[in-house]
Amino acid sequence: MSDVERQAVGNGAEGHRLEKPEGTPLRNGWTTGACATAATKAAFTALLTRNFPDPVSITLPKGETPAFALAREGFDGESAYAGIVKDAGDDPDVTHGATVIATVTRLPPGSGIRFVAGDGVGTVTKAGLPIVVGEPAINPVPRAMMTAEIEAIAAAHQVKPDLEVKISVPGGAQIAESTWNPRLGILGGISILGTTGIVHPFSCAAWIHSIHRGIDVARAEGLPHLLGATGSTSEKAAQIFHNLPDGALIDMGDFAGGLLKYLRAHPVPRLTIAGGFAKMTKLAQGALDLHSSRSQIDNHFFLSMPCTDILTDSARRAVENANTALEVLEIMTKERIAIAPAVATAAKRTAESVLRDSGVAVDIIVTDRKGTIIAHAS
């Protein structure tokens, strides 16, 4: 499973889990970040050559090279723009069918690459997100993807990549009203997201079935230690930490309950569960479905932990009002509170309560966004 970021919706529809007959293949789609990257590449190419590549191909973080048809193209004074309609495949989120437009404008020498929020793209107004306050809500991986394509084109034409890249999504402000963006302090539109560029659709029943079959195969091979992770970043970190073979990796995703309940009935000697701070906080709170439409983080949970007793009143208020789990982690780190180990320990208790007397020994690994292990409870 990849760490796909979908537009977070507040009405329970986030990352809609499509139910299809078992065995029916589900069609992948593209993230807003991939669409923005393709549109940017087409617009910058046209700015230099006066010709729009259509379709336009890009390189995704894992090496895939999809091609995108242009829905819009043109010139506006000294700028070029291109638009691509987002296809989210068989698992459409709220941005499915939206048009992602990149407008590229030359800047004075030495300006570098500057990202701007156009119509329908939000601006970050609260701390705790991977983008600093005041910046357009274009996440780090899409920024890196666009930057890589721009730099490659600039090098090929022997020009400096001094550009303004404005990303727009017509109707994005209306779309954002059904997402968590207003609550997160992202105002004016949607976010440009995606860590792999690909939206992987999933069926609840099919995913849990695959978890069960993965455990069955590992047991048949006599593997004594399995790893269930919420995403590829935490999976890689935990696999290296424990030196586990690929056959020991179970694609758990958000379905911690599906993994734990099956192992209770079909045990192995040892299980590791790995995930980011937010997902492991949900498990620590007792949630077994870690998807953001099914479980939420309660900031007061952090304050219930004994390690937070020494917090000042102002720090406690900051935690209560924190926008995200990442912001809580930053506050606790500044206050020298070891909150990640406390979360790992609580998550371990949740897992043990489900496994009960199965004989499965469990440990928890918590990672940050970069895959660095910040806590381990064994």
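Residues numbered from 1 in each chain as written. Predicted model: local features only at pLDDT ≥ 70, side-chain atom pairs only at ≥ 80, totals over all residues. Heavy atoms only, no water.

Looking up the protein chain in an unreviewed UniProt entry gives the name Cobalt-precorrin-5B C(1)-methyltransferase, with the organism given as Rhizobium rosettiformans. Turning to the protein chain, the UniProt record has this under Sequence similarities (unreviewed entry): "Belongs to the CbiD family." (UniProt positions renumbered as here; feature names shortened; annotations may be inferred.)

(A) Looking closely at the environment of aspartate 368. Tracing the chain through its elements places aspartate 368 in the loop between β17 (361-367) and β18 (373-377). Along the chain, aspartate 368 and alanine 340 lie 28 residues apart, while their C-alpha atoms are 9.8 Å from each other. If we ignore the near neighbours within four places in the chain, the residues touching aspartate 368 are Thr233 and Ile374. Polar contacts involving the side chain of aspartate 368 include one to the main-chain amide nitrogen of lysine 370, which spans 3.0 Å. At 2.8 Å, the side chain of aspartate 368 forms a polar contact with the backbone nitrogen of threonine 372. (Helix = DSSP H or I, 4+ residues; strand = E, 2+ residues; numbered from the N terminus. Contact = heavy atoms within 4.5 Å. Polar contact = N/O pair within 3.5 Å; in protein donor to acceptor, adjacent residues only side chain to side chain.)

(B) Geometry of the sheet that holds strand β14 (residues 225-229). The sheet built from five strands is open, its strands ordered β15-β14-β16-β17-β18 with mixed pairing. On the outer flanks of this sheet lie β15 (249-250) and β18, each paired with one strand and no other. Across four bridges, β17 lies against β18 in antiparallel orientation. Considered in β18, the bridge of isoleucine 364 is made with alanine 377. Helix α8 (residues 277-285) contacts β16 (270-276) and β17 of the sheet and is inclined by roughly 125 degrees relative to β16. (Pairing = 2+ DSSP bridges. Axes fitted to C-alpha atoms, helices over the stretch in contact; angles between N-to-C directions.)

(C) Examining the sheet that holds strand β5 (residues 79-85) more closely. Strands sit in the order β4-β5-β6-β10-β7 across an open sheet of five strands; the sheet is mixed. In the strand order of this sheet, the two ends are held by β4 (72-76) and β7 (113-117), each with one partner. Across the sheet, the mean angle from the axis of one strand to that of its neighbour is 20 degrees, orientation sign disregarded. Two elements, β4 and β5, share five bridges in a ladder whose sense is antiparallel. Note that in β5 the partner of glycine 74 across the bridge is tyrosine 81. Packed onto the sheet, helix α1 (residues 32-49) meets β4, β5, β6 (99-106) and β10 (163-168) and runs at close to 40 degrees relative to β6.

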